[in-house]
Amino acid sequence: MATNPVSLMASPRRGHYDAIIVGARCAGAATAMLLARAGLKVLAIDRKPYGSDTLSTHALMRPAVLQLWRWGLLEPLLKAGTPLVETTTFHYGEEEITIPLAGSLDLPGLIAPRRTVLDRILVDAARKAGAEVLHEVAVGNLFADTRGRVRGIEIRAAGRASLRVSADIVVGADGVGSLVAKCVDAQPLRRGAVSAAHIYGYAPVEPGAGYHWYFRDGIAGSFIPTNDGLACIVASVPTGLFDQRFRLGHARARMDVLEALSPALAEQAAQAPKDARLQAFRGVPGYIRQAYGPGWALVGDAGFFRDPITSHGISDALRDAETLARAILDGSEAAFAVWQQQRDMIANQVLDTTDAVAAFDWTLDELGERHRRFSAVLKAEVQALAGQPMPVSRAPFPASRTAHRAPANQDEPPASAASNLNRNRTGARP
């Protein structure tokens, strides 16, 4: 598994950690924060710079806002200038349905923070809790012991020898193209049937705007107020249509879709600066991957991906970060089995309802019913989250996690006894 080495900007302070997390955006930073708050020694590593942007729909649904409130991070996000969204409007052709979002202490409304804001606040909270977070550092490989159990990561840097860092568990929070998932040969449990393409751009927006979701036969669009006085405006089409119409230029084709959805939406998008950059995601079918194995686990898009059209990716990442943290702190095989079972139960519902929208095989009347089914999934998710305790460590600490702690005299297996997973992928079942 060849990787391009990058300059090593910083080195880990320890040779061994309770948990190493590969990826430090929503899923990874949240997992690092929760484990560190419970007293674990945690290292999180990300290839990208601290506070960098990434492609995102931004819109958080009720479960994600509830999670951030529970963790004490909703107020910092609002203070960072993230607008509070108090209405959401569905446009089904010419019909408009506006839903006011009744506010409460834990759920005052919805928010859609830029990832430069959300990811940074999560990383800051992880560091404040005691986690070590390194940016612009690349993981080149995982290594395992002779029994195939993952024991840590290998950092490769240009002009320097590889550095091995061991851990009781390695968590892959490194997205759709997860290196961790590839190294351990995490098996797909389910594949989605459809994919949609999305073209993202930003334009100025007046204060107080709400979410707007637009639908006409075969196309969709989104208007999502975010930070810096901007709205993220998205044109969404089936991947097949994207391949046919967008090859000669994203800008003109995107404006054609927005104009067909709503002249007012297209006019809003036209207010963007002429040199504003568009970003396109061609789409991939959703999937649910095996969630854990000996010495490893997956969280966020690394383990479960669904099309962005329902804006539920960050909600999934934050929810699964908390439930995974609870399993790691318990440390037993039973706890991990329960975690995957719970993850799969909600993931299957989210994938079902998301694919039902992303298929673009609906009439507008049918689409309303599909959205109502998705809303029922969100309500059940909020109720389940509200009843969950925060992750806490058991005492005495080391004994509680024997399922993931290396033998006391072997925090890092000798090189002769360990195997690189690009030569000997574990893929072992729980």
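Let us look at the structure shown here. (Residues numbered from 1 in each chain as written. Predicted model: local features only at pLDDT ≥ 70, side-chain atom pairs only at ≥ 80, totals over all residues. Heavy atoms only, no water.)

## Points about the pattern of salt bridges
Quick note on the threshold: By definition, a salt bridge exists where a carboxyl oxygen of Asp or Glu is found within 4 Å of a side-chain nitrogen of Lys or Arg. In this description a helix means any DSSP run of H or I spanning at least four residues, a strand means any run of E spanning at least two, and both kinds are numbered starting from the N terminus.
Tallying each qualifying case throughout the model produces 22 salt bridges. With its nearest N and O atoms 3.6 Å apart, the salt bridge here joins Glu 154 to Arg 164. With a gap of ten residues between them, Glu 154 in strand β7 (residues 150-157) and Arg 164 in strand β8 (residues 160-172) connect regions that are remote in the sequence. Within the structure, one salt-bridge network assembled from shared partners comprises Asp 301, Arg 306, Asp 316, Arg 319, Asp 320 and Glu 381.

## What to know about the nonpolar core
Counted only if it meets this: Only buried residues count toward a nonpolar core. Its members are Ala, Val, Leu, Ile, Met, Phe, Trp, Tyr and Cys residues joined through side-chain atoms within 4.5 Å. Relative accessible area decides the class of each residue, using a 1.4 Å probe on protein chains only: under 20% of the type maximum gives buried, over 50% gives exposed, and in between gives partly exposed. We call two residues in contact whenever any of their non-hydrogen atoms come within 4.5 Å of each other.
Counting 87 residues, the largest nonpolar core has Leu 35, Leu 68, Trp 71, Leu 122, Tyr 211, Phe 215 and Leu 318 as its most contacted members. Discounting residues that sit within four places of it in the chain, Leu 68 has contacts with Leu 60, Leu 73, Leu 74, Leu 77, Ile 111, Leu 118, Leu 122 and Leu 318. Counting 24 residues, the second largest nonpolar core, distinct from the first, contains Val 137, Leu 142, Val 165 and Ala 302.

## Digging into the pairing of strand β2 (residues 42-46)
Residues in a regular strand point their side chains to alternate faces of the sheet. Here is the rule: Only strands that DSSP links by at least two bridges are regarded as paired with each other.
Most of β2 is tucked away, with five of its five residues classed as buried. Of the two faces of β2, both are covered, the one formed by Val 42, Ala 44 and Asp 46 as well as the one formed by Leu 43 and Ile 45. As judged from the four bridges shared by strand β1 (residues 16-22) and β2, these two strands associate in the parallel manner. Bridge pairing in β2 places Ile 20 opposite Leu 43. Both β2 and strand β5 (residues 132-135) contribute to a ladder of four bridges, which runs parallel. When the sheet's bridge partners are listed, Asp 46 is paired in β5 with His 135.

## Remarks on empty space enclosed by the protein
A probe as big as a water molecule, rolled over the atoms, marks out the empty space that is left. Short version of the rule: Method remark: on a 1 Å grid restricted to protein atoms, a set of points is classed as a cavity if a 1.4 Å probe fits but cannot get out and as a pocket if it is open with protein on both sides within 12 Å along at least five of seven lines; lining residues have an atom within 4 Å of a point. Grid points are joined across faces, edges and corners, and a volume is the space filled by probe spheres set on the points.
In the structure shown here, the tally under the stated rule is two cavities of 30 Å³ or more. Here the largest cavity is characterised by a volume of approximately 60 Å³. Lining the largest cavity, in full, are Ala 24, Arg 25, Asp 46, Lys 48, Pro 49, Tyr 50, Gly 51, Ser 52, Asp 119, Arg 120, Val 123 and His 135. Among the elements that take part in the lining of the largest cavity, helix α4 (residues 115-128) stands out by supplying three residues, more than any other.

## A closer look at the sheet that holds strand β11 (residues 211-216)
Note the threshold: For helices, the axis comes from a line fit to the C-alpha atoms of the stretch in contact; other axes are also lines fit to C-alpha atoms, and the angle between any two N-to-C directions lies between 0 and 180 degrees.
Spatial ordering of the open sheet is given by β4-β3-β11-β12-β13-β10-β14, a layout of seven strands whose pairing is mixed. Across the chains shown, the open sheet's two edge strands, defined by having one partner strand only, are β4 (95-100) and β14 (279-281). Averaged over all pairs of adjacent strands, the angle between strand axes in this sheet comes to 15 degrees, irrespective of strand direction. The strands touched by helix α11 (residues 364-386) are β3 (87-92) and β11; relative to β3, the strand with the most contacts, the crossing angle is about 150 degrees.

## Regarding α4
Worth spelling out the cut-off: Here the expected span of a helix is defined as 1.5 Å times the quantity of residues minus one.
Over its 14 residues, α4 extends 19 Å from the first C-alpha to the last, a length consistent with the 20 Å expected when each residue adds 1.5 Å. Buried within α4 we find Arg 115, Val 117, Leu 118, Asp 119, Ile 121, Leu 122, Val 123, Ala 125 and Ala 126. Those residues of α4 hidden inside the fold are in contact with α1 (26-37), α2 (62-70), α3 (74-79), β5 and α9 (313-330). Gly 130 sits one or two positions beyond α4 and adopts a positive phi of about 115 degrees.

## Here's the deal with the layout of surface pockets
Rules: Here the term charged refers only to Asp, Glu, Lys and Arg, the term nonpolar to Ala, Val, Leu, Ile, Met, Phe, Trp, Tyr, Cys and Pro, and the term polar to all other amino acids, Gly among them.
A volume near 1200 Å³ is recorded for the largest pocket. Its residues placed into classes, the lining of the largest pocket shows 22 nonpolar, 15 polar and ten charged. Within this model, the second largest pocket holds a volume of roughly 750 Å³. Element by element, the count of residues in the lining of the second largest pocket is highest for α11, at nine residues. Its residues assigned to classes, the lining of the second largest pocket shows 18 nonpolar, ten polar and five charged.

## Examining the packing of aromatic side chains
Applicable threshold: When the centres of two rings from Phe, Tyr and Trp lie within 6.5 Å, Trp using its six-membered ring, the rings pair. Their planes under 30 degrees apart give stacked, over 60 give edge-to-face, and anything left gives tilted. For a lysine, the NZ atom is tested; for an arginine, the CZ atom; a charge sits over a ring if that atom is within 6 Å of the ring centre and within 35 degrees of the ring normal.
Taken as a whole and assessed by the stated rule, the structure comprises nine aromatic pairs. Summarising the aromatic geometry, the rings of Tyr 211 and Trp 213 are spaced 5.5 Å apart at their centres and angled 65 degrees between planes, so their arrangement reads as edge-to-face. Overall, the relative accessible area of 1% leaves Tyr 211 in the buried class. Judged by centre distance (6.1 Å) and plane angle (80 degrees), the ring pair of Phe 215 and Trp 362 falls under edge-to-face. Here Phe 215, found in strand β11, pairs with Trp 362, found in the loop between α10 (333-358) and α11; they are 147 residues apart in sequence, far enough to count as distant. By the ring-pair criterion, three or more aromatic residues cluster together here, those being Phe 90, Tyr 92, Phe 215, Phe 360 and Trp 362. The aromatic ring of Tyr 202 is capped on one face by Arg 114, whose charged end is 4.1 Å from the ring centroid. If you follow Arg 306 out to its NZ or CZ, it ends over the ring of Phe 304, 4.4 Å from the centre.

## Considering helix α7 (residues 250-261)
Compared with the 16 Å implied by 1.5 Å per residue over twelve residues, the 16 Å span of α7 between its first and last C-alpha is a close match. Every buried residue of α7 is listed here: Ala 253, Arg 254, Met 255, Val 257, Leu 258 and Leu 261. In this structure, the buried side of α7 is in contact with β10 (196-204), β11, β12 (219-225), β13 (230-238), α6 (239-245) and α8 (263-269).

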